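Single-letter residue listing:
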Amino acid sequence: MPSPFRSAADRLADAAPGWLVETVRPVPAKPAWWPMVRMALAVTVPLLVALVAGNLALGLLPSMGAMGPGLANRGGPYRERVARIGLVGLGGAAGYAIGAMVRGHGWWTVPVIVVVSVVSALISTIGAKGSLAGLQLVVMAVISAGIPLPGGPLLGAVQFLLGVAWVIVLGVADWPLRSRNPEESATVTVYRALDRLIDDRDADALAAFDTALESGYDAVFGARSASAGQDPGQTRLIALLNQASLIRNALISLGQEGRDPPEGTAAAVEEITAALDEGRAPHPPPRLPGESPALRALNSAVDGAVELASGGDVETEQLPYRPVGYGERFRNAWAKMWYGHFTRKYAVRLALCMGVATAISEFGLFERSYWMVLTVALVLKPDFGSVFARALQRALGTFAGTFVGVAVLLVVPYGPLILVPIAVFAALIPYGLQRNWGLMSTFQAPLVLFLVDLLTRGGPRLAEVRLVDTVAGCVIVLLLGYLPWPGSWHAPVRGPFADAVSATARYLRGAFDPGNPDRPVYRRKAYEAMSDLRVVFQRAVTEPPTVSRRITTWMPAMTALEKVADTTAATVARAEHGASPPPPEAVRALADSLEEIAEAIRRRRVPAEPEPAAEGTPERLDDAIRALRDIVSGHHTC
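Residues numbered from 1 in each chain as written. Predicted model: local features only at pLDDT ≥ 70, side-chain atom pairs only at ≥ 80, totals over all residues. Heavy atoms only, no water.

A.B. asks: Would you mind showing me how to read the overall build of the protein here?
C.D. replies: On a plain count of helices and strands, the protein comes out with 26 helices and 0 strands. By residue count, 53% of the 638 residues in the protein fall in the buried class. At a minimum sequence separation of 6, the contacts of the protein that also span at least 24 residues come to 78%. (Helix = DSSP H or I, 4+ residues; strand = E, 2+ residues; numbered from the N terminus. Buried < 20%, exposed > 50% of the residue type's maximum accessible area, 1.4 Å probe, protein only. Contact = heavy atoms within 4.5 Å.)

A.B. asks: Quick question: what am I supposed to make of the packing of helix 25 (residues 584-603) against helix 26 (residues 619-632) here?
C.D. replies: Geometry of a packed helix pair, given as the angle between the helix axes and the separation of the axes. Contact geometry for helix 25 and helix 26: axes closest at 10 Å, N-to-C directions at 15 degrees. On the basis of their axis angle, the class for helix 25 and helix 26 is roughly parallel. Along this stretch, helix 25 crosses helix 26, giving a crossing that reads as left-handed. Across the interface between the two elements, Leu590, Ser593, Leu594, Ile597 and Ile601 of helix 25 pack against Leu621, Asp622, Ile625, Leu628, Arg629 and Val632 of helix 26. (Axes fitted to C-alpha atoms, helices over the stretch in contact; angles between N-to-C directions. Parallel < 35°, antiparallel > 145°, perpendicular 65-115°, else oblique. Left-handed = near helix turned anticlockwise from the far one by under 90°.)

A.B. asks: Is there a simple way to think about the packing of helix 24 (residues 555-575) against helix 26 in this case?
C.D. replies: One way to put it is that helix 24 packs onto helix 26 with a least axis distance of 9 Å and a crossing angle of 165 degrees. Here helix 26 runs roughly antiparallel to helix 24, going by the angle between their axes. Of the two elements, helix 24 crosses helix 26, and the hand of that crossing is left-handed. Note on element contacts: helix 26 touches helix 24 through Arg620, Leu621, Ala624, Ile625, Leu628, Ile631 and Val632, opposite Pro556, Ala557, Ala560, Leu561, Lys563, Val564, Thr567, Thr568 and Arg574. Taken together, the residues that form the contact of helix 24 with helix 26 break down as 11 nonpolar, 2 polar and 3 charged. (Nonpolar A, V, L, I, M, F, W, Y, C, P; charged D, E, K, R; others polar.)

A.B. asks: Is there a simple way to think about helix 13 (residues 293-309) in this case?
C.D. replies: Working note: α-helix, 3.6 residues per turn, so residues spaced by three or four point in the same direction. If you check helix 13, its first and last C-alpha atoms are 24 Å apart, about what 17 residues at 1.5 Å a residue would give, namely 24 Å. Buried residues dominate helix 13, accounting for 13 of its 17 residues. Where helix 13 ends, the next residue or the one after it, glycine 311, has phi of about 100 degrees, a positive value. (Expected span 1.5 Å × (residues − 1).)

A.B. asks: Is there a simple way to explain the pattern of salt bridges in this structure?
C.D. replies: Two side chains bearing opposite charge may form a pair once their charged atoms approach each other closely. Evaluation of the coordinates by the stated rule reveals 15 salt bridges. For the salt bridge of aspartate 210 with arginine 248, the shortest nitrogen-to-oxygen distance reads 2.9 Å. A residue pair is termed long-range when its members are at least 10 positions apart, and aspartate 210 in helix 10 (residues 203-226) and arginine 248 in helix 11 (residues 232-256) qualify at 38 residues. Across the pair glutamate 599 and arginine 602 runs a salt bridge whose closest N-O atoms are separated by 3.9 Å. Placement of the pair is glutamate 599 and arginine 602 together in helix 25, with a separation of 3 residues, close to one helical turn. By relative accessible area, which is 26% here, glutamate 599 ends up partly exposed. What you see here is one network of salt bridges that share partners, running through Asp499, Glu599, Arg602 and Arg603. (Salt bridge = Lys/Arg side-chain N within 4 Å of Asp/Glu carboxyl O.)

A.B. asks: Which parts of the structure should I look at to understand unusual backbone geometry?
C.D. replies: When glycine is set aside, most residues are seen to have a negative phi, and most peptide bonds are trans. Positive phi outside glycine occurs at arginine 604, with the angle close to 55 degrees. By secondary structure assignment, the location of arginine 604 is in the loop between helix 25 and helix 26. Judged by its relative accessible area of 41%, arginine 604 falls in the partly exposed class.

A.B. asks: What should I look at first to understand the nonpolar core in this one?
C.D. replies: Grouped together as the largest cluster of nonpolar side chains are 75 residues, with contacts concentrated most on Met354, Trp371, Ile422 and Leu447. Counting residues per element, this core draws most heavily on helix 16 (residues 370-379), which supplies 9 residues. (Core = buried A, V, L, I, M, F, W, Y, C linked by side-chain atoms within 4.5 Å.)

A.B. asks: Explain the side chain of aspartate 622 here, please?
C.D. replies: Relative to the assigned elements, aspartate 622 resides in helix 26. Aspartate 622 sits in the buried class, given a relative accessible area of 12%. Not counting the four nearest positions on each side in its chain, aspartate 622 is found in contact with Leu590, Ala613 and Thr617.

A.B. asks: What is the right way to look at a nonpolar patch on the surface in this model?
C.D. replies: Residues Val471, Val475, Leu479 and Leu483 make up a contiguous nonpolar surface patch of about 310 Å² in total accessible area. By the element assignment, leucine 479 lies in helix 20 (residues 461-482). (Patch = residues over 30% accessible without salt bridge, like charges linked within 9 Å, V, L, I, M, F, W, Y side chains within 5 Å. Areas by Shrake-Rupley, 256 points an atom, 1.4 Å probe, with all protein chains shown as cover.)

A.B. asks: Looking at this model, I keep getting lost on the confidence of the model for the protein. Mind explaining?
C.D. replies: Do not read the fine detail of predicted coordinates wherever pLDDT is low. Averaged over all residues, the pLDDT of the protein equals 77, while 76% of them reach at least 70. At the level of individual helices and strands, the protein shows its lowest average pLDDT in helix 1 (residues 4-15), which scores 42, and its highest in helix 25, which scores 91. Per-residue pLDDT stays below 50 along residues 1-17; that stretch engages in 3 contacts with residues further than four places along the chain or on separate chains. In this model residues 224-230 is a low-confidence stretch, pLDDT under 50, and it forms 13 contacts with partners more than four residues away in sequence or in other chains. (pLDDT = per-residue confidence, 0-100.)

Listed below in structure tokens is the structure:
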């Protein structure tokens, strides 16, 4: 019998607009118990230590120092997670010191917060770690400028870093309990996804494999970039991931030949997976038939994976990356910070909204106006998702969490017992983050109320103040950081789509040249660009209909582009194993057609008609590119 609460929720969902339902609907997710326990320990233990010392409020800053960096611990290689937590913690400590130094200086706070916001925006463009560190920088600057925390700026920053150190200890605590490091686990996950792909061979299995492969590359490349020099073990894992990609391409090639994988393929891949999982060499697989180019490609890819899993030498062509030195990394990060259009736009929007919110706080219109400024910083983070959706989810989540917090404050008195709800809601924050931003805010709102109440003894009335300030911050973001900007009302897919087409063109241009050492790099970059594009589409459903309808009309073009990339990979697999490769002039013509499509997308015009196919042009590849061109021709005005 269905629950009456479920029935009521279903009726409410049926009555609400579809785009609104998609904006607030939490995604399905199973609780990740260890991250939840870890967050509860991170936030609660500093308060418990302070309680034993006789002053519960002394644990407030270490607890805050544990919360933000604790959310930054999202697994992965241990060196990578320590670097991420540490960088986020340093950003928070610097923000705290800056905010504490300007606290009480009146209008001088406004330009300081604006400058911190600009620096935060610049840091955020460097990458995932920079984004989290930039956010923590501005968040702690706002909190320390608004809350009279005990101690001076330097002492407070040290207390904050004690919480960060505690999070790092928790972050590596499970190391002795794991039989393998995270990058090895990620590689095993990729081969398990490959097992499922062999069994199913449908779009869902292919998408699941591609997602697992991307996560595997992220895990192994993250560990490799953090290590000093080349690590042979990580290099082998990268080569294993590339072999899994080659098996995938051979399976697609088999489908284009109208063949099923031969008997024994699944068993061979399962044996590789089991060997990687158990840390042993795989048993030699049975010899697969090889009477067609696609079958020979499959044979070769499987044999290469077995050889690597058995400890064989890693060949250069098995590595889909180009070594990048620290100097080049720094130059790339510097270019992103200062010359990117996204950086300039985001920095201006954030500085404007933060400046206005901080100025309003100086008029004394809001009792605890730092919450309003804090809401602006948290919501106006476009690399975290839709600004519109985050504003709506933040307001609704805070509204719900506030009522929960009030109920708890009415029942639980100030003192040691408050640690129980603090631990519960801290544990729920990672789970809420898995579901959506609004649910995370629902759990975060009462937690922040409890922590602030430790210092101010504001009681249940804090909830009312928090709710008003949060709504005001969301309104500022929507009125100044979202609605006036033309980019908010256009489908943000044109640029990423054109970049993905260009990446596919580069892959195609060098794909049939055996002497090109960058072939694996171009292939990985093409699929990475399409993966980034999928994220744009996933966020589209949370935008208002004016925007989301424009974005979703690009879905057929996305499907066509994926077919071009997969057809290229399958054609390469056959050409490397006996099929006649297309002539160089035909490959150049096809790559030029893709570049023309990319340029037409950027310039909002219809792509030029392609030349008649040259002799020897792969028919499937030519048809796929022409289909992409025909679909894109209808989007030149979007």
